[in-house]
Amino acid sequence: VSPPLDVLTVDYMQGAWTPGVKYGFAAKIRIPYVPPTGSANQFTIEFGYNEILNENRLQAGVADIPLVKSLINGAVDYTTSIANRSTTMTFSVRTVTFIPNGGGLFITGPPNFRFDTYCQPKPLEGYPDFPADITCLYTEVSSSGVPEVRLYAGGSGIPPALYMFTL
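Quantities reported herein were computed from a predicted structural model and do not represent experimental measurements.

Can you walk me through the overall build of the protein chain in this structure?
When helices and strands are tallied, the protein chain shows zero helices and nine strands. Listing every helix and strand of the protein chain by position from the N terminus yields β-β-β-β-β-β-β-β-β. The dimensions of the protein chain, computed from C-alpha atoms along their principal axes, are 75 × 35 × 35 Å. The 167 residues of the protein chain split such that 22% are buried. Partitioning the intrachain contacts of the protein chain with sequence separation of at least 6 by distance along the chain shows that 57% fall at a separation of at least 24. Carbon and sulfur atoms make up 56% of the accessible area of the protein chain, which amounts to about 12,400 Å² in all.

Quick question: what am I supposed to make of the state of the cysteines here?
Two cysteines form a disulfide when their sulfur atoms are joined by a covalent bond. Summed over all chains, the structure comprises one disulfide. Between the sulfur of Cys119 and that of Cys136 lies a disulfide, 1.9 Å long from S to S. Here Cys119 and Cys136 share a disulfide; its torsion about the S-S bond, -95 degrees, makes the bridge left-handed. With Cys119 in the loop between β5 (104-108) and β6 (122-123) and Cys136 in strand β7 (residues 135-140), this residue pair connects regions lying 17 residues apart in the sequence. Of the two residues, Cys119 and Cys136, neither departs from the other in class, the shared state being buried.

Can you walk me through the sheet that holds strand β9 (residues 161-166) in this structure?
Within a sheet, neighbouring strands are paired by backbone hydrogen bonds and run either parallel or antiparallel to one another. Overall, antiparallel pairing links the four strands, which are arranged β3-β4-β9-β6 in an open sheet. Among the strands making up the open sheet, the edge pair consists of β3 (71-78) and β6. Bridge count between β6 and β9: two bridges; the pairing is antiparallel. Paired with Pro123 across the strands is Phe165, a residue of β9.

Would you mind going over the sheet that holds β7 with me for this structure?
Pairing in this open sheet of three strands is antiparallel, and the strands run β5-β8-β7 from one edge to the other. With one partner strand each, in any of the chains shown, β5 and β7 form the two edges of the open sheet. Each adjacent strand pair in this sheet contributes to an overall mean axis angle of 15 degrees, direction not counted. Sheet topology places β7 next to strand β8 (residues 147-152); six bridges connect them, and they run antiparallel. When the bridges of β8 are listed, Thr135 appears paired with Tyr152.

I would appreciate a short explanation of the nonpolar core in the present structure.
Note on soluble globular proteins: their nonpolar side chains tend to be buried together. By size, the foremost hydrophobic cluster in this structure holds 19 residues, and its most contacted members are Phe130, Val149, Leu151, Ile158 and Phe165. Residue assignment for this core shows that the elements contributing at least two residues are β4 (89-95), β5, β7, β8 and β9.

Help me out: how do you make sense of the side chain of Glu148 in this one?
Positionally, Glu148 belongs in strand β8. In this structure Glu148 comes out as buried when scored by relative accessible area, which is 16%. Among the polar contacts listed, one links the side chain of Glu148 to the side chain of Arg150, at a separation of 3.2 Å. Apart from residues lying up to four places away in sequence, Glu148 is in contact with Phe106, Ile107, Thr108, Leu137, Tyr138, Thr139 and Val141.

Explanation requested: the pattern of salt bridges in the structure shown.
Note on pairing: side chains with opposite charge can pair once their charged atoms come close. Across all of its chains, the model carries three salt bridges by this definition. Of the charged contacts, one joins Arg57 and Glu46 as a salt bridge, the two residues approaching to 3.5 Å between their closest N and O atoms. Of this pair, Arg57 sits in the loop between β1 (42-47) and β2 (59-64) while Glu46 sits in strand β1, placing them 11 residues apart in sequence. Taking relative accessible area as the criterion, Arg57 reaches 35% and is therefore assigned partly exposed.

How each quantity is defined
Residues numbered from 1 in each chain as written. Predicted model: local features only at pLDDT ≥ 70, side-chain atom pairs only at ≥ 80, totals over all residues. Heavy atoms only, no water. Helix = DSSP H or I, 4+ residues; strand = E, 2+ residues; numbered from the N terminus. Buried < 20%, exposed > 50% of the residue type's maximum accessible area, 1.4 Å probe, protein only. Contact = heavy atoms within 4.5 Å. Areas by Shrake-Rupley, 256 points an atom, 1.4 Å probe, with all protein chains shown as cover. Disulfide = S-S within 2.5 Å. Pairing = 2+ DSSP bridges. Axes fitted to C-alpha atoms, helices over the stretch in contact; angles between N-to-C directions. Core = buried A, V, L, I, M, F, W, Y, C linked by side-chain atoms within 4.5 Å. Polar contact = N/O pair within 3.5 Å; in protein donor to acceptor, adjacent residues only side chain to side chain. Salt bridge = Lys/Arg side-chain N within 4 Å of Asp/Glu carboxyl O.

Okay, structure coming up:
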């Protein structure tokens, strides 16, 4: 593997290829923490990639790959930042994969923010609601005043989607 580190070049197979024979290779890869944002989420293989003329570029193929299991597109918004005023917090996050029973989302905030103890996330119009069997709990870390909101998946889990909700 040579720079750039997302390219594997196999230059040692320079001989003629025999029709009907399956060829293959194995290589270790590092799975990134998040899916790519500057390129396609796929593997590409090319034979003759370094040729200038199209007729010498023998074959190419693409294989889409699943998204990395992660949370992406997270954001927070609010209606006011004036101290000691009530505000509506809006959160958005995309769950790439299914979150099973007992898993969930963990939200922390700056000291002295308050939420309802038994919070209930409300979806914004046009966005999915969390399943009815989730549990939303708010606690405050007594030593620091940092708020913690935990959304626990119930028996039906949390399906992958872009969630936009208020607390």
